Each structure stands twice: as C-alpha cells, then as structure tokens.
Amino acid sequence: MDLAFSDDDLAFRDEVRVFVKDNLPADIAESVRQGRAIDKPDIQRWQRILFDQGWAAPGWPVEYGGTGWDATKRYIFDEAMSEFDTPETVPFGLLMVGPLIYTFGTDAQKERFLPKILNGEEWWCQGYSEPGAGSDLASLQTKAVLDGDHYVVNGTKTWNSSAHIADWTFTLVRTSSEGKQQEGISFLLIDMKTPGIDPNPIVSIDGGHHFNMTYYTDVQVPVENRIGEENKGWTYAKYLLGHERQSISEVGLSKQRLRRLKSIAGEERSDGESLMDDKSFAKKVAEAEVLLTSHEYLNLRFLAEEAAGRPIGAEVSLLKIRGTEIRQQLTELTIEALGYYAAPFELEQLTDGWNEPSIGPEYAAAQMPQYLFSRAATIYGGSNEIQRNIIAKMVLGL
Amino acid sequence: MDFSLSEEQQLLKDSVQRFVRDEYVLESRRKLVASDTGYSEDNWAKMAELGWLAMPLPEEFGGIGGGAVETMVLMEEFGRGLVVEPYMSSIVIGGGFLVAGGSKEQKTELLPKLAAGELKLAFAYAERQSRFDLNDVECKAEKSGDGYSISGHKGVVFHAATADKIVVSARTSGGSRDAAGITLFLIDNNSSGLTRRDYPTVDGLRASELEMDGVAGTVLGKVGGGAALMDEVVGQAIAAICAEAVGCMDVLQETTNEYLKTRVQFGVPLSKFQVLQHRMVDMFMECEQARSMCYMVNLKIADEDPTERAKAVSAAKVQIGNSGRYVGQQSVQLHGGMGMTDELHVGHYFKRLTMIDTMFGNKDHHLKRYADL
Amino acid sequence: MDIQFRDGDLAFQAEVRQFIGENLPADLRDKVQHGLHLDKEDYVFWQRKLNERGWFAPHWPVELGGVEWRPTQHYIFQNELVEGYCPPVMPFGVRMVAPVIFTYGSAEQKQRFLPGILDSTAWWCQGYSEPGSGSDLASLQTKAVREGDHYIVNGTKTWTTLAQFSDWIFCLVRTSNQGKPQEGISFLLIDMKSPGIEVTPIITIDGSHEVNSVFFTDVRVPVENLIGEENDGWTYAKFLLLFERSNSLTGGLKQQLHRLRTIADQERANGAALSADPGFAAQLADYEVQLRTYEFLELRTLGNPNPGAEASYLKIIGTDLQQLASELTLRAVAHYGNPYIRDALVHGYNQPAVGPDYAAPAAPQYFNYRKTAIYAGSNEIQRNILSKAVLGM
Ligand SMILES: Cc1cc2nc3c(=O)[nH]c(=O)nc-3n(C[C@H](O)[C@H](O)[C@H](O)COP(=O)(O)OP(=O)(O)OC[C@H]3O[C@@H](n4cnc5c(N)ncnc54)[C@H](O)[C@@H]3O)c2cc1C
Ligand SMILES: Cc1cc2nc3c(=O)[nH]c(=O)nc-3n(C[C@H](O)[C@H](O)[C@H](O)COP(=O)(O)OP(=O)(O)OC[C@H]3O[C@@H](n4cnc5c(N)ncnc54)[C@H](O)[C@@H]3O)c2cc1C
C-alpha cells in the first residue's frame, strides 16, 4: 500500500498544470465556471488543443493515438484537469465507440473512424434505447435486414443525446428473432446523414434540447459498418457499458462542482454573514465533501486493481451509483445555496450573446438547469436501480 | 377531534376539482405559462364569480369569511392542477395583509375590489442579502410630506407584473437586521421611481426584480409593526402552501403508481419489482405524513399562543420540504427517461415542489427556527 | 375539522393523571423513567392497580370488563399512562389473546381464561414464530395430532417473549398438510406447566433475557383448549395481528424525546450544553418535527374501526422513530455509552454510576430497539402489505 507519488509523477503533474493554465481558453473556462452548457464548437476547440498536445485520449493505446500512461498518470491527469475549469469530456466518441472500435473493429474501421474521433472532427451519438426498450435493452426492436451488401434499418430509437448535432451514431439493431433476445442483436455504425434518419427533439425538464427521438425508415447501412460479427452485438454493448460506468464516476467533475458550490455559498448571505459560515449549511457541504473523498478513494482502488492487471468486475457499478448520487447532491446543495434566486428561469441568460445584467447574482442562472438535468444521471447509463440489481447478482451472489 | 370536511367544505372541494379538471389539463396550462401574463384573466374572473377570491376575506368587506381550512381545500386542489393564477400572492398574502393590518379605509376601499377580482396584489420582501429572514430589510422608507418615500431593491417578487398594488417591507428605523423598525407599505405598480424587471420562474410562474427610487408608499398597519404583521400573514401563507404541496404530491404518487403498473420491462410491469414497490410505499408514506402536517398547521394557525403557532408553521414546512423533495425526485426517477421530459406533467410537479421548499424559507431555515422557538 | 379536545376529554385527562398520581409509587416511576429493568412483580403490581380501577382492559366489551370510551379517550388514556412513566401493560394476555378468546372462543373458554387475564394471575406468551418460520409464518411446522380428546404437540417455537414467566402460551400449530399452508393451522391455548415443554433463554444483543426458545415434546393439550374450528387458526391469528399493530406509540416516543432532551441539557459540548450545539439542536428539532408528524398521523387514523393499511404505516414510521430516538440518545452520552455494567440497569444498584447516571441504559436500549423493525411483522413485510393492499401493486 502506498499513496505517495513518485518524483516523476509530481513532475508530470506540474507539466499538466502548466499546460492547462497556459492553453485553456478563457472564455471556455468562464462558461464552465458559470455552469453553462458548453456547445459543440467550444468542445471541439478544446479537444483540438489536447489533441495537438497528444493528450486527447489518455486511456487509448499508444498505437491509436493514446498516451500509454499508467493508471497513476491518468489519475494525475484527470485530477490536474479538474483543478481548472475544463469542460467535461463528451463520452460518445472518445470513451465509448472509440475503445469499441479499436477492440473489436476491422483495420479499415479503425483507420476510417479513430483519427476523427481523436481530433474531435466527427461527433458521435449512442442509439441504444427505444420506447419499449429502456432498462430492458435486450428487448429492442429496431430491425436491420441484410439486402445485398447493405443492411436496411427500420425502427425508432429514443433519448439519443446529441443526435441532432452528431455526425455518426452507433446503434444496436435486431438482426435475428431466433433464440434468446440477446443473441439476435448486431452493432452498427450509421452515418447520420443517411437518407431516412429523422431525429426529433425531446425537450427535457430543464428546458434544454439534449436528447432526441430518432426514426429510421429504410436506412441503408453498408455491411462494412457492422462491428464484429452479426448477432454478437450484445457482447460488444456489454463491454462498452463497463467502460461507460467507469467514466461515469465523475470524480473530477464533482470536484469542480464542489468548488463552485463553495464559492457560491461564500457569496450568499444568511443571517448577516456568509452562507458558508452558517453551521447547518456548512455541515451539509462537509458531508458532501466527505462522501466525495470516499468516492475518490473507491475510484483509486479500482484504478490500482486495473494497474495491477486484475480484471474489474461488476463492482464497477458502485462507481456509477455513488458518482451520480454525489453529483445530484452537489447540484441540489447549489440550488439550495441560491435561496430565492433559484427560481428565476430565463434560459436566454445562458446563451452566448446575452449581455443584459443578470437576474440576481450572475452565477445563479445556470444552476437550476444543472440541478434538473442532474436528475437524469441516476437514470441513464443503466439506472441506479439496475446497477444495484447487477451488484446484488454479480457481486453478492443474491 | 375531527379531520373530516364539513358539507360546505366538501362542496367547495368538489367545485374546485371540477374547475381543475375542466380548465387545467396540462396543455391549457402550458399555454397559460407561455402567455403574456402567465395566467388567464378569464380564470381569475371565474374564481371571483365562484366566490373563491372572497373566500378568506371578512363578510363585512365583501368576503365570505372562510377560515384556514377553506383556504386549505382550495390550495390543495390548486396544487393538484398546478394552477398558475396569483391566488397565493393576491388573496392569501395580499388579502391577508389587508385583513390583518389594513385601516378601516383601506379595507373598505380595497377588500371588496379584491374579492371581485378587480384588484390584484403582490408582496415584495426578499432582498439580495436577506435569504429567508423576513426581518433582514435594507430597503428604506423616509417620511415625505404626509406619506413615505421608499428606496431600495426587492427580489423575486411573485406576480408583481400583473399586480395593481404591491405590499413592500421597508425600514423606517433600526439596523438592517432588526425586527423593530420595519414597516409595510402599499405602493402602486405604476408609481414613478419604480423600475421592474419581469421574468418567468422555473416552476411556471412569474416574478420580478423591483428597483425603487423614491417610490411613494402608504403605510399598511402600524409604523414599525411590519415584523409582527409579516410573521402572522406569512404563517398563513405557509399553511396554505403546504396544502398546495400536498395536492402536488398526491398527483405524483398516483401517477407514478399508475405508470409502474403499465410500463412493461423484462416482460412484467415494473410494479412487480420489490424495490420499486417499497419505493412507492415510502412515497405514499411521505404523502400521508405531509397531509397530516398540512391538517395540523391549518388547524393550529389560529392558535392564540404565538409560539405554538410558530412551531406548527415551521414543523409543517420542514415536513413538506422533506416529503416534497422525496416524492418529486423519486417520481422522476421511477418514470425513467419519461420523467426527464418537459412533455410529461411529472417534471412540472417536481419543479413546483422544489420551489415550494424555497418559498418562505426552506427546511433548514425552519428547522433552525423550530429549534430556536 | 378541528383538533380541540372536548371539555369532557380534558376532564378525563385530568382524571387519568390524578389516578396515576395517586397510585404509581415513586420508585416504580423512577425505574420506568430511567429505563431500568422491570421485574414481573412490577408489571403485575401496576396491572392490578389498573384493574382495580376498571381500566386494565378498556377496549374489551363492557360486559366482560371493558369501558365504553370514545376513540379520543382511549388515545388520551394510553398516552397519559406512558407520559406518566407507568410500567407498560404486557400485551400478550389482555391485548392479544383476550380479543381472540372473546371474539372466537367458546363460553367456557371465556369464563375460564378472561378472569385470570384481568387480574393478572395468568401470564401469557405468544408462540407463533419458529426457527424456520419468521416472516413466512404460514410455513410453520409445529405439529398437533389429535388423539382422543387431546392434541399431541411436537415442535419448536422461538423468539417467545417472556416465556420464562408465563403460565400459558397461545400457539399456532399445524393440524393439516392439505391445501394451502394457511389452511392447516390451528390456534391452541397451552398450559406452560404441561409435561414436555422446555424453555431455554435466548440472550439478545443488549445482554438481556427477553426471548426464549420453547420446545414441545409430546405435549398433551386437551381439545377444549382449541380456539374456534380446527384448521381455521390463521383467521384468528390475522385478527390478532391487527390488534398487535394498532397500539399507539406516540406517548412512548414523547417519553423517549423527553429523556433525550434531559440528557442533552446535561451533556456538555464546546463549553455549553449539548442541546445548545446547533448541529445537535437541529437533529433534536428534526426528530421533534417527525414526532409531531407521527402524532398527527395517528390522530387522523383514530377511531378507524378497521386499521388495516394505516396500522402498517404507523408501525413502520413509529418504530423508525423509536430507533432514531434511541440512536440520538446513545450519541448524546458519547463516551459513556461504552461502559457496560449489567447491574447498573437494575433498580437499587448502589455503586456510584460510571459517568452520568443516565448513561447506563443508552447503549443497551439502542441495541435492544433494533428489534422494533423486526417483530410484529418486519418493516419490510409491512411495505409488502402496503404495496399490495393500498397501492394495488
Ligand atoms: C438525459 C438522458 C440521456 C440519455 N441518453 C441516451 C443516449 O444517448 N442513447 C441511448 O441509447 N439512451 C439514452 N438514454 C436512455 C437511458 O439509457 C434510459 O432512460 C435508461 O436505460 C432507462 O430506461 P427507461 O427510460 O425506458 O426507463 P425504464 O426502464 O422504463 O425504467 C423506469 C424505472 O424503473 C426502474 N426499473 C426498471 N427495471 C427495473 C428492475 N428490473 N428492477 C428495479 N428497477 C427497475 C428504473 O430504474 C427506473 O427507475 C438517456 C436517458 C436520459 C434520461
Ligand atoms: C425481540 C423480539 C421479540 C419477539 N417476540 C416474539 C414472540 O413473543 N412471539 C413470537 O411468536 N415471535 C416473536 N418474535 C419473532 C418475530 O415475530 C420474528 O422475528 C419476525 O416475524 C421475523 O422473522 P425472522 O426473525 O425469522 O426473520 P426472517 O423472516 O428470516 O427475515 C429476515 C429479514 O428478511 C426480511 N424479509 C423476510 N421476508 C421478506 C419478504 N418477503 N420481502 C422483503 N423482506 C423480507 C425481513 O424483513 C428481515 O429483515 C420476536 C422477535 C424479536 C426480535
């Protein structure tokens, strides 16, 4: 057991800090600090900067453009990034389909897709869920029928985050109705510009347009866009879910949020003093911080396992559960800190061109949408109930 | 001891229920929320016609003379419908101030108009530094001629844009956090020196920031008697908003239960999973507890002992805050992706419940107040 | 709607208080107030006092010794007893088996058993649970085989509270294996002095001897001790469970709160009373708010002749609060939750207390109170009941 970093690690940390400090665009940092949604061009801009430095995908193997860092370095990197107001990584390309492609894809697929994921040029979305298939994903019905060298895809996908701004989607489709449900599913990469794809906005409770209902009508997908074997899609999807859950631990993000919470509570007044001096509020912030610390150490333990080459099992669900709960706790405390100024809801304030004075304190406007949207975190990526089912079965053997 | 409604109260309940059912399907509410005023003048006129605006006002001034239980009945159903008309601001609070503090002339002039739907009121109390302390007041009122001139900022004033007159708390003496030295004033919404910034709120209502620079105000109640008056009327408002919250929670509890029975995953309705059953039971128990406290506070709000009254108010607000949070958050959770959509009514009830906790002090504030009483 | 007690209620309340004042000896009151151990004689003494006044079995039919009170009066009565630190009434006879006897028993059974319950000469215990049958009570296996005018009973009952003091036990036994498990159960009253009954103690985590295992080996029980019909025992058991769950807990919770407050006033933290510490004060206030909520929840269900669902959620919320109070109390005494001197819990212990004298029962009570969420139908089972019966899930 050893918690200390080597000199080399410490030097690396300084390097990352200096780099981020010198290169993170001020306008992006400001938006992150305010908790505003960061739009696609800004995220691409930042990813390009990281890409040029060779740091776009720390977790990828070196041969595909990764860094080759060990678990400790990756942790240090994330940690150093979270000390600054860097935008959250959009997971679909870098954390989800990318690893899937370099693990199960053909050489042609790797060549075609990985570079543009890495430099942020192509934007991906995930097409798994359907109206009738949420937690029970294996019951999905979107059909793909092979016709010559194309699949013809028909059906409806829903809750597709970013589908309206994505260039590509990775989808699960039904290619067979024989045997168990899981055994007839294939994994397709689909160009969003293909005729017959129609994403429709779904407005969420925070008033934003994050996700979509996407209709597929006779959409032609070349066979070479299938990942791995036909009817083996479920295996790949499960592999990917493992990845998704780990990235969902959100330690760095939560640290950013905690910082924002403290700074807001420091500004807010209560009983004539700073809200951070209010005992009961300070206690709740401290409780959240303690939870976050224990979550961070849980995360470190998993990293250490991984570094030692031991496989991580279903325990990884713990990270998803705790990570998302902490996120909700922090966003909730933040709106609590605002008092009455949680109520004003003028979404225009969050858009770039807004230049009127803010309603109440300038940090207020972005917080309520953040809180509301954070309610989704315990639903997507396999709901927390489903994660608990998984732990009960796979870890506890219940 | 008796927790049942009288015959008249039951009739009142039936008629509000009808109104909510007919006028308040989610689509029509959505239109109201998006409209210029944020609610419907027709609905307001209907409420006047049905006697609801007059309900809590005294008979001698054109009212019906109902008590807290009648208001509770109305507010609960309004909660079920997520009604956006300014009943709370105008009648419960504005009317409450006139009844408790208004002079004979003010009552004679204003109450009949209020009851008839010809006058609307709002209440400006929050300031940037005040958080939930009603007595943390920096707005200043100075004597000018035979009236007062008010200057300062008020924040998140619900329904200010459509009010004819606004009740404003301002300091006539004392330091900024003293209970003594606060006076309530009535100001006209079109006064010179008043600048308003109007905006929507997250739960579908309207509010404004007020900037006052020498606005003319007439005293409501006694000079320096604002704190006591606010304590009394805000207590009544809290009792009423608890009822609204109970209405919201019941709808969420019923809807979620229904949804779990119809939504099939893994080949069975979600209601067959024990974790979800137990979660629903916990939601149900929260609803029942909230209802108990809602009855309690509405029955005790007229108690002669001010400490007993204040304790009842704070205890109820704490319970409502806790229950509302649990029921709201879990309703979204158990609806999965659907719970996150703007289209489904669940999110709107959730947002209203979230903001009800903040109104007049959240659970932490009232827990502290309760402990100090 | 109103929540005023009527004049009659207030007079009644005064009457109950006066009765307690005149009849409860100070040392007994002390024991209860400080959470010390009570002997069988203590219970019996107090139950007889109540009985002399005609108040021991108020919910019984008047002709059998009950009183004709309004629901509010029952409520006041129960809560006054608790708030006055009277020893609790042992429920097994008067509140549990007696209603079964006077509802389903024969005339002979009523005559034979009820008087002993009323004057506390016969002490009862409840023989339901078995090692293999807890929540799933209907799976019980203790067998009763009819042989002439006797049943021969063989099997094991467990968790039997106070069996060590009991004269009688009411038991659920299996008389048939046909049909559903519920359909082969009978309700027997068994004399604890019958040959073949053996009682062995089970010591609970707080170190006390409250529960027992009861072994039955060829125990002969006269047929006339069968309640109602053979194989209909489940019906009677369900009826009884309702009574078991519909006890008001408010008074006891208030008592716990009171004790907790007294302790928090005397404990010191940061140079002031613990009760003045904002963090602890907030927790106390939070508890008090929950208790108030519970009280009004109980009041709303008062007088409901058919407490089904309500009884289930009152059980859950009430026992949660019992546990919470005991937990806060343990936290309040801080380090002095550690010393464990068994004798310090017995009245008359005359060594000086280790630490403050109120500290000794805190930990044992906290540990002991974990039971409340388990017995009388665990809180999980209550949630199952509610989801089915109320929410139709
Ligand atoms: C903001 C957001 C973004 C999303 N982005 C995407 C995306 O980009 N691509 C994509 O494909 N999908 C996306 N999703 C969909 C997400 O994966 C699903 O919402 C999720 O799988 C849950 O499915 P559901 O919404 O149909 O809920 P349901 O499966 O209907 O579940 C409803 C409730 O029942 C519970 N439940 C279900 N089954 C069980 C069980 N067996 N035991 C206990 N509890 C159970 C759930 O936990 C939930 O609380 C997104 C969702 C949200 C909210
Ligand atoms: C102090 C004490 C005194 C008692 N006194 C008596 C007495 O005098 N006479 C008597 O007959 N009995 C008595 N009991 C027994 C009591 O009724 C049982 O303990 C109770 O019925 C639970 O049974 P069990 O202990 O076998 O637990 P189990 O039934 O084995 O339950 C273990 C756990 O699983 C949970 N569980 C079980 N089934 C389900 C389900 N379907 N869904 C969800 N969760 C479930 C339970 O809630 C519990 O948490 C007493 C118990 C205690 C602790």
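Throughout, residues of each chain are indexed from 1 in the direction in which the sequence is written. For this description, chains carry letters from A and ligands carry numbers from 1, given in the order in which they are written. For a predicted model such as this one, the threshold for reporting local features is a pLDDT of at least 70, and the threshold for listing and counting side-chain atom pairs is 80 or more; totals across whole chains, interfaces and linings nevertheless cover every residue. With hydrogens and water stripped out, all remaining heavy atoms of the structure feed into the side-chain values.

Peer 1: How should I be thinking about the overall build of chain A in this particular structure?
Peer 2: Counting its secondary structure elements, chain A contains twelve helices and ten strands. Since a compact globule built from 398 residues should have a radius of gyration of about 21 Å, the 22 Å found for chain A is in line with a globular shape. Structurally, chain A occupies a C-alpha span of about 75 × 50 × 50 Å along its principal axes. Within chain A, buried positions represent 53% of all 398 residues. Sequence-distant contacts in chain A: of pairs separated by 6 or more residues, those separated by 24 or more amount to 72%. Counting only carbon and sulfur atoms, one obtains 52% of the accessible surface of chain A, whose full area is about 17200 Å². In this text, helices come from DSSP runs of H or I with a minimum length of four residues, and strands from runs of E with a minimum of two, each type numbered from the N-terminal end. The globule rule is 2.2 Å times the number of residues to the power 0.38, and the radius of gyration it is compared with is taken over C-alpha atoms. The cut-offs for exposure are 20% and 50% of the maximum accessible area for each residue type, with area from a 1.4 Å probe on protein chains only; residues under the lower value are buried, those over the upper are exposed, and the others partly exposed. In what follows, residue pairs with any heavy atoms lying within 4.5 Å of each other are defined as contacts. Computed with the Shrake-Rupley method and a 1.4 Å probe, the accessible areas treat only the protein chains shown as cover for residues.

Peer 1: In this structure, what is going on with the interface of chain B and chain A? I would like to understand it.
Peer 2: Size of an interface, as often reported, equals the accessible area lost when the parts are brought together. Listed as interface residues are 53 residues of chain B and, on the opposing side, 54 residues of chain A. What gets called buried area is simply the loss in accessible area from a 1.4 Å probe that two parts show on being joined, summed for both. The contact between chain B and chain A buries some 4200 Å² in all, and 56% of this surface belongs to carbon and sulfur atoms. Contact with chain A buries area across many residues of chain B, yet Arg 128, Arg 131 and Met 340 of chain B alone supply 19% of it, more than any other trio. Between Lys or Arg on one side and Asp or Glu on the other, a salt bridge is scored when a side-chain nitrogen of the former is within 4 Å of a carboxyl oxygen of the latter. There are eight salt bridges connecting chain B and chain A. Between Glu 268 of chain A and Arg 128 of chain B there is a salt bridge, with the nearest N and O atoms lying 3.6 Å from each other.

Peer 1: Just checking my understanding: could you explain the site of ligand 2 for this structure?
Peer 2: Surveying the vicinity of ligand 2 reveals 19 residues, the closest of which are Ser 135, Trp 159, Thr 161, Ser 378 and Glu 380 of chain C. In this structure ligand 2 sits where residues from chains B and C come together. Residues adjacent in sequence count toward polar contacts only when both atoms are side-chain atoms; beyond that, a polar contact is any pair of N or O atoms within 3.5 Å, and within protein one must be able to donate a hydrogen and the other to accept it. Glu 380 of chain C is positioned such that a nitrogen or oxygen atom in its side chain is 2.6 Å from an oxygen atom of ligand 2. When the free accessible area of ligand 2 is taken as 970 Å², the share hidden by the protein chains comes to 68%. Residue assignment for the shell around ligand 2 shows that the elements contributing at least two residues are β7 (209-222) and α12 (379-389) of chain C. Among the elements that line the shell around ligand 2, the one with the most residues is α12 of chain C, at three residues. When we say a residue is near a molecule or strand, we mean one of its heavy atoms is within 4 Å of it.

Peer 1: Please explain the site of ligand 1 as it appears in this structure.
Peer 2: Looking at ligand 1, there are 31 residues lining it, with Ser 135, Trp 159 and Ser 383 of chain A together with Arg 263 and Gly 337 of chain B nearest. Bordering ligand 1 are residues originating from chains A and B. In this structure, Trp 159 of chain A approaches ligand 1 through a main-chain N or O atom, which is 2.8 Å from a nitrogen atom. For ligand 1, an oxygen atom lies 2.7 Å from a polar atom in the backbone of Gln 333 of chain B. Protein coverage of the free-state accessible area of ligand 1, which is 960 Å², stands at 96%.

Peer 1: Could you clarify how one ought to interpret the domain arrangement of chain C in this entry?
Peer 2: All names here are of chain C. Domain delimitation in this document rests on an assignment produced automatically or drawn from a domain database. The domains assigned to chain C are domain 1 (7-89), domain 2 (124-231) and domain 3 (246-389). Look at where the C-alpha atoms of domain 2 and domain 3 centre, and you get two points 32 Å apart. Contacts between domain 2 and domain 3 engage seven residues on the former and eight residues on the latter. Summed over both sides, the interface of domain 2 with domain 3 buries roughly 560 Å², with 47% coming from carbon and sulfur. A per-residue breakdown of the area domain 2 buries against domain 3 is headed by Ile 205, Asp 206 and Glu 210, which together make up 69% of the total. Linking domain 2 with domain 3 are one salt bridge. Looking at the side of domain 2 that touches domain 3 residue by residue, the class counts come to one nonpolar, four polar and two charged. In this classification, Asp, Glu, Lys and Arg are treated as charged, Ala, Val, Leu, Ile, Met, Phe, Trp, Tyr, Cys and Pro as nonpolar, and every other residue, Gly included, as polar.

Peer 1: Sorry if this is basic, but what is going on with the packing of aromatic side chains here?
Peer 2: Remark: the centre distance and the inter-plane angle together describe each pair of aromatic rings, the angle taken between the planes. Two rings from Phe, Tyr or Trp (for Trp, the six-membered ring) form a pair when their centres are within 6.5 Å of each other. A pair whose planes differ by under 30 degrees is stacked, one over 60 is edge-to-face, and the rest are tilted. The final tally for this structure, using the stated rule, is 53 aromatic pairs over all chains. An angle of 50 degrees between the planes, with centres 5.0 Å apart, marks the rings of Tyr 148 of chain B and Phe 185 of chain B as tilted. In this pair, Tyr 148 of chain B sits in strand β3 (residues 147-158) while Phe 185 of chain B sits in strand β5 (residues 182-188), placing the two residues 37 residues apart along the sequence. Tyr 148 of chain B sits in the buried class, given a relative accessible area of 12%. With relative accessibility at 0%, the residue Phe 185 of chain B sits in the buried group. Between Phe 12 of chain C and Trp 69 of chain C the ring centres are 4.9 Å apart and the planes differ by 70 degrees, which places this aromatic pair in the edge-to-face class. With Phe 12 of chain C in helix α1 (residues 7-23) and Trp 69 of chain C in the loop between α3 (40-52) and α4 (71-83), this residue pair connects regions lying 57 residues apart in the sequence. You'll find Phe 12 of chain C and Trp 69 of chain C in the same group, each marked buried. Put simply, the rings of Tyr 104, Phe 113, Trp 124, Tyr 128, Trp 168, Phe 170, Phe 187, Tyr 236 and Phe 239 of chain C touch in pairs and so form one group of aromatic residues. Any Lys NZ or Arg CZ found within 6 Å of a ring centre and within 35 degrees of that ring's normal is scored as a charge over the ring. Geometry around Trp 55 of chain C places Arg 53 of chain C over its ring, the cationic atom sitting 4.1 Å from the centre.

Peer 1: Would you explain the pattern of salt bridges in this entry?
Peer 2: One pass over the structure, following the stated rule, counts 65 salt bridges over all chains. Between Glu 83 of chain A and Arg 17 of chain A there is a salt bridge; the shortest N-O distance is 2.8 Å. Pair noted here: Glu 83 of chain A is in the loop between α4 (71-82) and α5 (91-104) and Arg 17 of chain A is in helix α1 (residues 7-23), with a separation of 66 residues, a long-range link. Taking relative accessible area as the criterion, Glu 83 of chain A reaches 31% and is therefore assigned partly exposed. A residue is classified by how much of its surface remains accessible, and Arg 17 of chain A, at 26% relative accessible area, is partly exposed. Its salt-bridge partner being Asp 191 of chain A, residue Lys 193 of chain A comes within 3.6 Å of it at the nearest N-O pair. Residue class for Lys 193 of chain A comes out exposed when judged on its relative accessible area of 64%. In the salt-bridge network here, residues are joined through shared partners; they are Asp 271 and Asp 278 of chain A together with Asp 133, Asp 136, Arg 177 and Lys 368 of chain B.

Peer 1: How do you make sense of the confidence of the model for chain C when you look at a structure like this?
Peer 2: Reading predicted coordinates in detail is not appropriate for stretches of low pLDDT. Per-residue confidence for chain C gives a mean pLDDT of 93, with 98% of residues at or over 70. The ipTM assigned to the predicted complex is 0.90, against a pTM of 0.92. The pLDDT score gives, residue by residue, the confidence of the prediction method on a 0 to 100 scale.

Peer 1: I tried to follow the domain arrangement of chain A on my own but got confused; where do I start?
Peer 2: By domain assignment, chain A separates into domain 1 (7-89), domain 2 (124-231) and domain 3 (248-395). Computed over C-alpha atoms only, the centres of domain 1 of chain A and domain 2 of chain A are separated by 31 Å.

Peer 1: What is the right way to look at the pairing of strand β1 (residues 124-127) of chain A in this model?
Peer 2: Regular strands show a simple pattern: their side chains alternate between the two faces of the sheet. Residue and element names in this part refer to chain A. Burial along β1 is two-sided: Trp 124 and Gln 126 and Cys 125 and Gly 127, pointing in opposite directions, are all buried. Pairing between strands is defined by DSSP: at least two bridges between the two strands are required. Pairing analysis gives four bridges linking β1 to strand β4 (residues 168-174), with the strands arranged parallel. By the bridge assignment for β4, Trp 124 is matched with Trp 168.

Peer 1: Any chance you could explain the packing of helix α8 (residues 274-300) of chain B against α12 of chain C here in plain terms?
Peer 2: A pair of packed helices can be characterised by two numbers: the angle between their axes and the separation between those axes. Helix axes are fitted to C-alpha atoms over the stretch in contact, other axes to C-alpha atoms as well, and angles between N-to-C directions run from 0 to 180 degrees. Relative to each other, α8 of chain B and α12 of chain C sit at 85 degrees, their axes nearing to 9 Å. One element, α8 of chain B, and the other, α12 of chain C, form an angle in the roughly perpendicular class. Contacts from Gln 274, Gln 277, His 278, Val 281, Asp 282, Phe 284 and Met 285 of chain B of α8 of chain B reach α12 of chain C at Glu 380, Arg 383, Asn 384, Leu 386 and Ser 387 of chain C. Taken together, the residues of the contact of α8 of chain B with α12 of chain C break down into four nonpolar, five polar and three charged. The scheme is simple: roughly parallel for angles under 35 degrees, roughly antiparallel for over 145, roughly perpendicular for 65 to 115, oblique for anything else.

Peer 1: Before we go on, may I ask you to explain the nonpolar core in this structure?
Peer 2: Looking at soluble globular proteins, one finds that nonpolar side chains tend to be buried together. Counting 196 residues, the largest nonpolar core has Met 368 of chain A together with Trp 52, Phe 78, Tyr 87, Phe 97, Ile 166 and Phe 360 of chain B as its most contacted members. The element that contributes the greatest number of residues to this core is helix α7 (residues 226-262) of chain B, accounting for 18 residues. Apart from residues no more than four positions distant in its own chain, Phe 78 of chain B is found in contact with Val 16, Met 47, Trp 52, Val 83 and Tyr 87 of chain B. Remark: nonpolar core denotes a set of buried residues (Ala, Val, Leu, Ile, Met, Phe, Trp, Tyr, Cys) joined through side-chain atoms within 4.5 Å. Core analysis: the next-biggest nonpolar cluster, separate from the first, contains 54 residues, Tyr 43, Phe 77, Leu 137 and Ala 237 of chain C among them.

Peer 1: Honestly, a nonpolar patch on the surface in this entry has me stumped. Any pointers?
Peer 2: All names here are of chain A. A cluster of nonpolar side chains, namely Met 394, Val 395, Leu 396 and Leu 398, defines an oily patch on the protein surface of about 460 Å² accessible area. You can see Val 395 is positioned in helix α12 (residues 384-395). Val 395 sits in the partly exposed class, given a relative accessible area of 37%. Patch definition: residues with relative accessible area over 30% and no salt bridge; like charges joined within 9 Å; nonpolar side chains (Val, Leu, Ile, Met, Phe, Trp, Tyr) joined within 5 Å.

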